[in-house]
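The chain contents come next:
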Amino acid sequence: SWSPDGKTLVSGSREGSLLQWTHDNYTNFKSKALRAHSNYVTAVAWEPLHLTGKSERFVSSSKDGTLKVWHISLGIQFSLTGHASCVTCVKWGGEGKIYSSSQDKTIIVWDAQTGSAINILKGHAHWVNHLSLNTDLVLRTGSHDHEERVFEDPMEAQAYAKKRYDAVIARCAGERLVSCSDDNTMFLWDPTKSSPISRMTGHQGAVLHIAFSPDGTMIASCGSDKSVKLWSTLQGKFLHTFRGHVAAVYHVSWSLDSRMLVSGSKDTTLKLWSVVSMSLVEDMSGHEAVSYTHLTLPTKRIV
């Protein structure tokens, strides 16, 4: 996981360790090992740039049921304990909260400064597989966008990151969280409240992955029922089903302009979908095993 300022990369492993990488203009990478967890690392998320102006803290989650908050210079700051099983996903939100999901069927909202649990979101009847925030893109990229602006002053970069974040918040009436589960459902949450905005049903099997569109207005989901579905952010309203895969769909990823969607499946293919025409644009084959996807930004290359 890259820091929002692009200066540090953190990778995790199956034995529970982390490597913190620094570089000289993306060459001469050097790593520092961090003994983090007693089981494999499931996710890493960074503190948003607009909150502090610096990319110095990140959180890791693990199959050992814990999360740990780190400072790139000082090391571990504190552990977050409260889940009773594997932590499947972690997100660091734009309001100073950390969100984690688990195979214990819950989502815990944490205070990023103190490490205390603020709220426990319940409703799923099986493992929670993944989380997505409507602010994911702007939190992950900070002050970097398609205009490739260069900021000499860190405060200017922080202000621009805040401007990008506020634009998504205004468009979507606040920061929103969506969760998906092996119980075939999704829940749309206002993380400040204990009850979901909407329970989203329609998948006929486990929902394996979800992703908000970069503009924050739509949600894509995929699962073991071989389908990709599209939903509205405001109330979780169902919009469309894309069909074409012949096996479970493991991953979905959006184009920067929120007009295209790519899915990767156990059937070893990638499929590119138009959200504008609600149709298949391209069927891509070539992999010999399971396909996962990521649509890189801003080059629009599929990896």
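Going by the structure above, here's the rest.
Residues numbered from 1 in each chain as written. Predicted model: local features only at pLDDT ≥ 70, side-chain atom pairs only at ≥ 80, totals over all residues. Heavy atoms only, no water.

## Brief notes about the pairing of strand S21 (residues 260–265)
Most of S21 is tucked away, with five of its six residues classed as buried. Pairing analysis gives five bridges linking strand S20 (residues 249–254) to S21, with the strands arranged antiparallel. By the bridge assignment, His251 is partnered in S21 with Gly264. Between the antiparallel neighbours S21 and strand S22 (residues 270–274) lie four residues, among them Thr268 with a positive phi of about 75°. (Buried < 20%, exposed > 50% of the residue type's maximum accessible area, 1.4 Å probe, protein only. Helix = DSSP H or I, 4+ residues; strand = E, 2+ residues; numbered from the N terminus. Pairing = 2+ DSSP bridges.)

## Details of the sheet that holds S21
With antiparallel pairing, four strands are arranged side by side in an open sheet as S20-S21-S22-S23. What marks the edges here is a single partner per strand, and that holds for S20 and strand S23 (279–284). The mean inter-strand angle of the sheet, taken between neighbouring strand axes irrespective of direction, is 20°. Both S21 and S22 contribute to a ladder of five bridges, which runs antiparallel. Each bridged residue has a counterpart across the sheet, and for Leu261 the counterpart in S22 is Trp273. (Axes fitted to C-alpha atoms, helices over the stretch in contact; angles between N-to-C directions.)

## Considering the environment of Ser100
Examined against the element boundaries, Ser100 turns out to sit in strand S9 (residues 97–102). Classification of Ser100 as buried rests on a relative accessible area of 0%. Sequence separation between Ser100 and Cys89 is eleven residues; the distance between their C-alpha atoms is 5.7 Å. Residues contacting Ser100, with those up to four places away along its chain left out, are Leu67, His83, Val87, Cys89, Val90, Thr106, Ile107, Ile108, Trp110 and Leu131. Within the local environment of Ser100, its side chain forms a polar contact with the side chain of Trp110, the two groups lying 2.8 Å apart. (Contact = heavy atoms within 4.5 Å. Polar contact = N/O pair within 3.5 Å; in protein donor to acceptor, adjacent residues only side chain to side chain.)

## Looking at the sheet that holds strand S11 (residues 117–121)
An order of S8-S9-S10-S11 is seen for the four strands of this open sheet, with the pairing classed as antiparallel. Here the strands that pair on one side only, and so sit at the sheet edges, are strand S8 (87–92) and S11. Across this sheet, the average inter-strand angle for adjacent strands is 20°, counted without regard to direction. Strand direction decides the pairing type here: strand S10 (residues 107–111) and S11, joined by four bridges, are antiparallel.

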